[in-house]
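Chain by chain, the residues run as shown.
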Amino acid sequence: MGKHHFIFIGSMLGILLWSLPVWAAASISARLDRDEMQVGEQAFLTISITYDSGRVQTPNIMENPHLSYSYMGTSTSVSIVNMRRTDSIEYRYLVEADAPGDYTIEGISSVVDKQVVRADPLRIKVLGQGQAGKSQQAVHGGISLEATISNNEVYVGQQVIYKLKFIRKNPLADANYEQPELGDFLTEKIGDQKDYESVIGGVRYAITEIKMALFPTKPGHFTIDPAVISGSMIVRGQNRGGLFDDFFMNQTAKPFSVKSNPVEIDVKPLPSAGRPAGFSGLVGQYQLGYDLSKKTVRVNESTTLTLVVEGYGNVPNLAIPAPGNNNDFKIYEDKPHLDKESRSDGIFGRYIAKWALVPSAPGTYPIPELRLSYFDPETEEYKTLETGHQTIEVLPGNNTEDIKVTGLGGTTVTPTTTKQQVAVLGEDVMAASNGDYIDNTPLNRRDNLWFWPIFLLPPATWLVMTIRRRRQNRSPEQLAKIRANKAYAQLVNDINDAQNQASYEKMATAVRSYYAAKLQQSGCAITPQEVAVILKASGAGAALCDTAAQQLAQLEKALYLEQDAAAIGQLAADILATMKEVDHAFHNK
Amino acid sequence: MRSTTNKLLMGALGLALILPAPLAKAADNSRLMSFMAATQAYNNGDYATAEKGFSDLIAQEGESGAVWYNLGNTYYRQGQNGAALWAFKEARKLAPRWDNLDTNIALVTQKAVDELPPLHPAWQRTLFFWHYIFSARERLVLLALCNLIFWSLLIIGRKRPNELTSLGQVISLVLLLAMGGSLIAENFFTREEGVIRTATAKIHSAGDVSSQVLFELHECTELFIENDQNGWLQISLSDGKRGWVAADDVAYRK
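Residues numbered from 1 in each chain as written. Chains lettered and ligands numbered in written order. Predicted model: local features only at pLDDT ≥ 70, side-chain atom pairs only at ≥ 80, totals over all residues. Heavy atoms only, no water.

## Topic: the overall build of chain A
Step number 1: A tally of regular secondary structure across chain A gives nine helices and 32 strands.
Step number 2: Counting the 589 residues in chain A, one finds 37% classified as buried.
Step number 3: Summarising the internal contacts of chain A: among those between residues at least 6 apart in sequence, 71% fall at separations of at least 24.
Step number 4: Surface summary for chain A: the accessible area is close to 35,000 Å², and the carbon and sulfur share equals 52%. (Helix = DSSP H or I, 4+ residues; strand = E, 2+ residues; numbered from the N terminus. Buried < 20%, exposed > 50% of the residue type's maximum accessible area, 1.4 Å probe, protein only. Contact = heavy atoms within 4.5 Å. Areas by Shrake-Rupley, 256 points an atom, 1.4 Å probe, with all protein chains shown as cover.)

What follows is the structure, encoded as structure tokens:
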């Protein structure tokens with residue numbers, strides 16, 4: 001590969017890279033800060049251009065003999081999202097009109113690196129001086145709230161624009177807006193509130209506009225109650241003219257509450273004369289457009305029928321009935337799509353529905369016709385939009401898709417598929433129950449009666465069995481230790497029994513058993529002398545050792561010599577007292 | 001003396017267990033008759049009587065999956081789709097695997113206008129499937145059964161330890177915890193749900209009609225109820241929106 005080849009390839013790459021910005025994304029949008037003004041007032045026009053890279057030319061605006069545009073400056077910004085840089089540039093213009101009328105600012109465009117971008121046209125209404133609303137002619141107390149409606153006589157479902165204009169001279173510290181009750185209307189907010197300034201009677205006022213689209217739901221005469229705005233505004237206090245008076249220190253917040261005028265509206269019922277069958281309640285002005293992606297297809301190939309209905313009106317009611325049952329096509333419906341756009345003159349809706357049509361046999365077939373009826377309040381008549389009569393040509397499918405069946409006598413038969421989608425003819429709930437699940441009741445108090453015993457019994461059983469097994473598996477040492485711990489309690493019981501039975505023998509056995517248990521020995525043949533030694537080894541005092549030994553000796557003597565039965569009680573008490581101290585001695589050992 | 005006392009105690013315990021049974025059976029028969037009467041009214045097209053009959057049954061602790069289902073149908077026939085959806089949801093708590101109920105819920109749900117994520121996201125219904133495919137009573141029975149199996153295997157495993165009993169212990173313990181956790185969650189952590197029953201309901205910032213309207217909801221929209229105060233309900237939606245709505249606009253368990 002020679003040098004010339006590299007130069008050629010490098011040039012091609014360079015051209016490619018240089019031309020890349022042409023493919024970069026760019027967009028333009030335009031907005032006005034108000035859609036109504038008087039002759040002599042101004043509106044601000046902002047044109048925003050967003051682009052990835054390249055050079056941006058100053059926007060063009062189509063000239064209008066009654067409108068003038070004064071350039072006010074630009075501002076730029078950059079954003080980086082997911083490592084991708086996007087630049088934005090805003091151009092601001094002051095728009096003035098020299099005559100009243102309804103104007104369209106159109107032809108807004110720019111060139112971004114040889115790519116032409118265009119913005120949607122904007123509308124503005126210019127009123128003559130003296131044509132402004134009442135509030136603009138007399139703003140009493142420097143504040144007012146005016147409610148207007150675009151049309152006082154409408155039909156059910158017809159869109160009307162409810163506008164609130166809040167005019168004040170002083171800036172606000174805070175404000176709270178109470179919307180009137182609009183229970184008999186469906187409402188949609190139109191854009192964000194617009195803030196601008198205007199000069200009325202030589203005084204500059206700040207103005208805020210709020211717009212809503214209202215759709216009356218029933219006929220009658222309605223009064224829309226006043227809206228209320230309350231809060232506090234910043235007013236300048238009296239300047240005493242002192243040397244140290246500060247402009248900012250003289251401002252205070254003054255509470256205010258302003259109510260708008262009520263608005264009357266008459267809603268007429270839609271006429272029944274001329275109402276088409278299947279009318280859905282759609283009111284407004286609409287247009288219909290449709291497109292078939294392919295007018296010639298093969299068998300089992302699909303073509304997409306796209307339907308677009310757009311216009312102004314009660315767009316939530318926009319819904320196009322699906323094409324009906326059709327033997328010529330399998331019809332698959334895509335989820336329809338409704339876009340709502342808030343425009344200055346109302347809610348604009350665009351409904352897009354798509355169906356995939358898959359023909360099953362060759363031939364020429366009509367496309368299912370679609371119809372949409374609506375009521376146009378301006379012409380006061382029902383209109384129907386139709387897709388009209390269209391056909392599609394279906395060619396035989398590819399060989400691999402044809403299924404050939406060998407019939408009787410060896411002849412080849414090509415089956416025709418006659419399957420079709422199940423048509424939905426209606427909808428309803430399933431039949432009432434005659435007792436299925438009558439016993440499926442919620443949990444109640446009775447459930448506690450059976451649940452808790454059943455739930456606790458198994459673990460209780462396991463616990464009892466575990467304890468028994470552990471007791472059975474105890475070692476002799478463990479058993480001796482347990483016996484030693486219980487020795488004193490056993491002694492008390494045995495002494496009391498012996499006393500009750502007046503038995504010196506049992507008393508002696510009880511004392512000997514106590515010592516055997518404490519010493520963890522089997523058998524109980526301990527002597528008084530051994531008792532004294534053991535107690536001494538346990539740290540008991542000499543007196544205690546002697547007393548315990550003497551008591552045991554006394555018991556042994558009583559076994560062989562006749563003793564007074566009455567004395568056994570005193571002896572038992574003495575022994576218990578002594579053994580208590582002995583037990584303490586063993587415990588403290 | 002001690003044996004006589006024991007006999008008396010055992011006799012009293014036996015009576016205490018047996019005696020409520022006839023009373024309970026009588027109450028069940030009465031409930032069934034009321035149900036059949038209300039259903040007959042529904043089939044005859046007398047929806048007002050049917051609605052009263054089913055509502056009375058529910059108020060008198062006679063509710064069941066079938067009662068709520070038929071009440072839902074009654075509401076549907078009267079054009080109250082929101083109330084119908086709420087009744088069907090209550091029925092599903094008691095009879096969660098009823099195909100007819102699923103069909104009815106799907107029918108009414110598609111009439112909802114507001115586009116919102118479901119109250120119980122799909123991952124939750126998949127991960128904790130037993131909470132949704134078994135009613136509370138069924139889960140309680142399964143809990144008792146798994147508990148019995150677990151402790152029995154524990155006892156058997158002491159005497160004859162082997163891999164099978166160990167595996168059985170693990171499985172029954174897992175099921176026990178699953179059912180127990182589900183019942184605990186239902187009793188302590190489940191939020192009450194409601195359905196918008198009016199064509200449009202305005203959601204305010206406070207429980208006061210003069211407060212700011214934040215947004216509007218439409219019939220058949222499902223929501224959570226957080227608080228109930230002076231005829232207003234504090235609600236939250238599956239997308240996080242919150243507000244106050246008049247209690248009359250919502251179908252919920254009062």
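## Digging into helix α7 (residues 528-537) of chain A
Residue and element names in this part refer to chain A.
Step number 1: Along α7, the positions that sit buried rather than exposed are P528, V531, I534 and L535. End-on view of α7: buried residues confined to an arc of 120°, all on one side of the axis. Across α7 from its buried face, at more than 90 degrees, point the exposed residues Q529, V533, K536 and A537.
Step number 2: In this structure, the buried residues of α7 make contact with α6 (504-518), α8 (542-560) and α9 (567-587).
Step number 3: One or two positions beyond α7, positive phi appears at G539, with a value near 95°. (Arc of directions from axis to C-beta.)

## Some remarks on the sheet that holds strand β13 (residues 172-178) of chain A
Residue and element names in this part refer to chain A.
Step number 1: Pairing is antiparallel in the open sheet, where three strands are placed in the order β13-β18-β19. Looking at which strands have only one partner, the edges of the open sheet turn out to be β13 and β19 (251-259). Each strand axis lies, on average, 20° off the axis of its neighbour in the sheet, ignoring direction.
Step number 2: Sheet topology note: the β13/strand β18 (residues 228-236) ladder contains six bridges and is antiparallel. Across the sheet, the residue bridging to Y177 is I229, located in β18. (Pairing = 2+ DSSP bridges. Axes fitted to C-alpha atoms, helices over the stretch in contact; angles between N-to-C directions.)

## What about the pattern of salt bridges?
Step number 1: Scanning the entire structure with this criterion turns up 32 salt bridges over all chains.
Step number 2: With a shortest N-O distance of 2.8 Å, A:D376 and A:K383 are connected by a salt bridge.
Step number 3: Judged by relative accessible area, which is 25%, A:K383 ranks as partly exposed.
Step number 4: The structure contains a network of salt bridges with shared partners spanning B:E63, B:E90, B:K93 and B:R253. (Salt bridge = Lys/Arg side-chain N within 4 Å of Asp/Glu carboxyl O.)

## Some remarks on the packing of α7(A) against α8(A)
Residues and elements named next belong to chain A.
Step number 1: Closest axis-to-axis distance for the α7/α8 pair is 8 Å, and the angle between their directions is 160°. One way to sum up the angle between α7 and α8 is to call them roughly antiparallel. Of the two possible hands of crossing, α7 and α8 adopt the one that is right-handed. Across from P528, V531, A532, L535 and K536 in α7, the residues of α8 making contact are L544, C545, A548, A549, L552, A553 and E556.
Step number 2: Per-class residue counts for the contact of α7 with α8 are 10 nonpolar, no polar and two charged. (Parallel < 35°, antiparallel > 145°, perpendicular 65-115°, else oblique. Left-handed = near helix turned anticlockwise from the far one by under 90°. Nonpolar A, V, L, I, M, F, W, Y, C, P; charged D, E, K, R; others polar.)

## So, helix α6 (residues 99-109) of chain B
Residue and element names in this part refer to chain B.
Step number 1: Within α6 the residues assigned to the buried category are L101, N104, I105, L107 and V108. Around the axis of α6, the buried residues are gathered within 160° of arc, so they sit on the same side.
Step number 2: On its buried face, α6 is in contact with α4 (65-77) and α5 (81-94).

## Remarks on the interface of chain A and chain B
Many authors give the size of an interface as the accessible area that is lost as the parts come together.
Step number 1: Taken together, the contact pairs 37 residues of chain A with 50 residues of chain B.
Step number 2: Surface buried jointly by chain A and chain B totals about 3,800 Å² across both partners, of which 60% is contributed by carbon and sulfur atoms.
Step number 3: One can count three salt bridges joining chain A with chain B.
Step number 4: Measuring nitrogen to oxygen at the nearest pair gives 2.7 Å for the salt bridge that ties A:D428 to B:R77.
Step number 5: At the surface where chain A touches chain B, the tally comes to 18 residue pairs in polar contact (both at pLDDT 80 or more).
Step number 6: Ranked by residue count, the leading element in the side of chain A that touches chain B is helix α3 (residues 445-472) of chain A, at 13 residues.
Step number 7: Looking at the side of chain A that touches chain B residue by residue, the class counts come to 19 nonpolar, eight polar and 10 charged. (Buried area = accessible area lost by both parts, 1.4 Å probe. Polar contact = N/O pair within 3.5 Å; in protein donor to acceptor, adjacent residues only side chain to side chain.)

## Remarks on the packing of aromatic side chains
Step number 1: What the rule picks out here adds up to 24 aromatic pairs over all chains.
Step number 2: The interplanar angle of 25° and the centroid separation of 5.1 Å between the aromatic rings of A:F451 and A:F455 together place this pair among those described as stacked. Of this pair, A:F451 and A:F455 both sit in helix α3, four residues apart, which is roughly one turn of the helix.
Step number 3: Seen in terms of ring centroids, B:Y69 and B:F88 are 6.0 Å apart; in terms of plane orientation they differ by 50°. Their pairing is tilted. One end of the pair, B:Y69, is in helix α4; the other, B:F88, is in helix α5, and 19 residues separate them in sequence.
Step number 4: In this structure B:Y69 comes out as buried when scored by relative accessible area, which is 0%. (Phe/Tyr/Trp six-rings, centres within 6.5 Å; stacked < 30°, edge-to-face > 60°.)

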